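Below are the chains, spelled out letter by letter.
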Amino acid sequence: MGLTGPTAAPPLPAHRDPWESRLLGDEDLLGDIAAAIGGPFHVLYPERVTANIAAFRETFDQAGVTGAIYYGKKANKAACVARACAEAGAGIDVAGTGELVAALAAGVRGADLVVTGPAKSEDLLWLAARHGALIAVDALDELARLTALGPPARALLRVLPEGRTSRFGLDAEELAAAVASIDPSGPITLEGFSFHLSGYAAAPRAELAAELVGRCLGARALGHRADTISIGGGFGVDYVGAADWARFGDPDPRWFHGDPPRGGYYPYHFPAPGAAMLGEILGHHAAPGTGTLADLVRADGIRLAIEPGRALLDRAGSTVFRVQGVKTRTAHGHPYDIVTVDGTSLSLSEQWFDSEYLPDPVLWPVTPGEPTPTVVGAATCLESDLLSRRRVPLTRRARVGDLLVYPNTAGYQMDSNESAFHELPVPPKVVLRPARDRLRWTLDAPPR
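Per an unreviewed UniProt entry, the chain goes by Alanine racemase and derives from Nocardia thailandica. The UniProt entry for the chain carries the following comment under Cofactor (unreviewed entry): "pyridoxal 5'-phosphate".

Right under this line is the structure:
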């Protein structure tokens, strides 16, 4: 068929780790797993999570900053990821009793949990306090309810950044009231402040963190501990190379089957991702003539906490579908294929935000062939249920029975929105681990 004409989108191959190359290059392993599962599935490689945690920790160490890493558990429900955090000494950010219990079951200690989210239930507040978790207080009434519960509790006050319209956090007046209402000798220990900023810019995070150092010092003057600032998550991930992302540029509507997405795209190329972005935050000068954020928090004995989700899952998993059907259509005088797979776009959750998951899927077995523009549809009766609306340049024409592997889906993709729609089973998670000269697999622990 060939990649010719205006309907052929440029390739966006994902960065590939050695474990992924090993999986795709194995003549049997992926096919054996698919035969055993009998439907779509996810693959997770926990050792990559461990490596990502180590990279963040090394960045803190190089800056001489006392840091705390809390994995944002909402990014992926897999038990093997929580276990990797426990084994690597990282904490977990949870927002409900289910996540808290799952984190404890994976071996994460209560003192290594931070509990976030708005309007927390009485059960969640009580359980968090009982286990010594750090609780990010979001509102004055929540602080009053936590105080009334009785057990000693560790608290951060979540800050609403000035000029933001977020529904989360305490404004300046509420912050002052909250600090004044906490008795330094009472059951609530005020350990500091937290915030979360949308977007992926380093400078605003560093500048707000520097501002909160002043709030910590003010709280200390009133007798509070106030030695922690959490800057939240939002650490970018680099999925594709710079040249490929630049070539994609302003997408041509003719590259898509039907209307192109209108919700905007994640920045799939990110020049300073993950731990490198943390380094930029720590090295930022909050104001002219001042030291860096790292200098500031070191001087004032501040522990800097982060809550990465996607960034700890970078290159730690993929999603696999089986091809069930192939048909050919023509657009603008050029042919392209429509492939139907045995799953739904609920497993690639960007699609459900009117966006598109852009890294190219890989057709397995990896064999030579003629490059073929291909749209990927789901096994449902919804016209809009497309895993790839863009005409992906597959390296050959797909055949029924082939496997289609979407790379780097562990962060917010593979289980954020899944359901048993059409009574299709929710794809299970397969855990890969190195075993001498080969990879071995098992199923992830079932959700609790």
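Here the narrative resumes.
Chemist: Can you break down the sheet that holds strand 6 (residues 153-158) residue by residue, with the values?
Modeler: Strand-to-strand pairing in sheets goes through backbone hydrogen bonds, with the strands running parallel or antiparallel. Taken in spatial order, the eight strands close into a barrel running 2-3-4-5-6-7-8-9, and their pairing is parallel. The average angle at which neighbouring strand axes cross in this sheet is 30 degrees, direction not considered. In this structure, strand 5 (residues 134-137) lies alongside strand 6, joined through four bridges in parallel fashion. Bridging from a neighbouring strand, Val 137 pairs with Leu 157 of strand 6. Relative to strand 5, helix 7 (residues 140-149) is tilted by about 145 degrees, and along the sheet it contacts strand 5, strand 6 and strand 7 (188-194).

Chemist: Which residues make up the packing of helix 6 (residues 122-130) against helix 7, and what are the values?
Modeler: Helix 7 packs onto helix 6 with a crossing angle of 55 degrees between their chain directions and a minimal axis gap of 10 Å. Between helix 6 and helix 7, the angle is such that the two are oblique. Helix 6 and helix 7 meet at a crossing whose hand is right-handed. Contacts between helix 6 and helix 7 pair Glu 122, Leu 125 and Trp 126 from the former with Glu 142, Arg 145, Leu 146 and Leu 149 from the latter. The residue makeup of the contact of helix 6 with helix 7, split by class, is four nonpolar, no polar and three charged.

Chemist: Can you explain the environment of Ala 63? Please cite residues and give values.
Modeler: Here Ala 63 is to be found in helix 3 (residues 46-63). Along the backbone, Ala 63 and Ala 51 are twelve residues apart, and their C-alpha atoms lie at a distance of 19 Å.

Chemist: Requested: an account of the packing of aromatic side chains, with residues and values cited.
Modeler: For any two aromatic rings, the description comes down to two numbers: the centre-to-centre distance and the angle of the planes. Evaluation of the coordinates by the stated rule reveals 14 aromatic pairs. On the basis of an interplanar angle of 75 degrees and a centroid distance of 5.4 Å, the ring pair of Phe 56 and Phe 235 is categorised as edge-to-face. Residue Phe 56 is found in helix 3, and its partner Phe 235 is found in the loop between strand 8 (228-230) and helix 10 (242-248); the two are separated by 179 residues along the sequence. Both residues of the pair, Phe 56 and Phe 235, belong to the buried class. Relative to Tyr 266, the ring of Tyr 239 has its centre 5.6 Å away and its plane inclined at 85 degrees; by these criteria the two rings are edge-to-face.

Cut-offs applied
Residues numbered from 1 in each chain as written. Predicted model: local features only at pLDDT ≥ 70, side-chain atom pairs only at ≥ 80, totals over all residues. Heavy atoms only, no water. UniProt positions renumbered as here; feature names shortened; annotations may be inferred. Pairing = 2+ DSSP bridges. Helix = DSSP H or I, 4+ residues; strand = E, 2+ residues; numbered from the N terminus. Axes fitted to C-alpha atoms, helices over the stretch in contact; angles between N-to-C directions. Contact = heavy atoms within 4.5 Å. Parallel < 35°, antiparallel > 145°, perpendicular 65-115°, else oblique. Left-handed = near helix turned anticlockwise from the far one by under 90°. Nonpolar A, V, L, I, M, F, W, Y, C, P; charged D, E, K, R; others polar. Phe/Tyr/Trp six-rings, centres within 6.5 Å; stacked < 30°, edge-to-face > 60°. Buried < 20%, exposed > 50% of the residue type's maximum accessible area, 1.4 Å probe, protein only.

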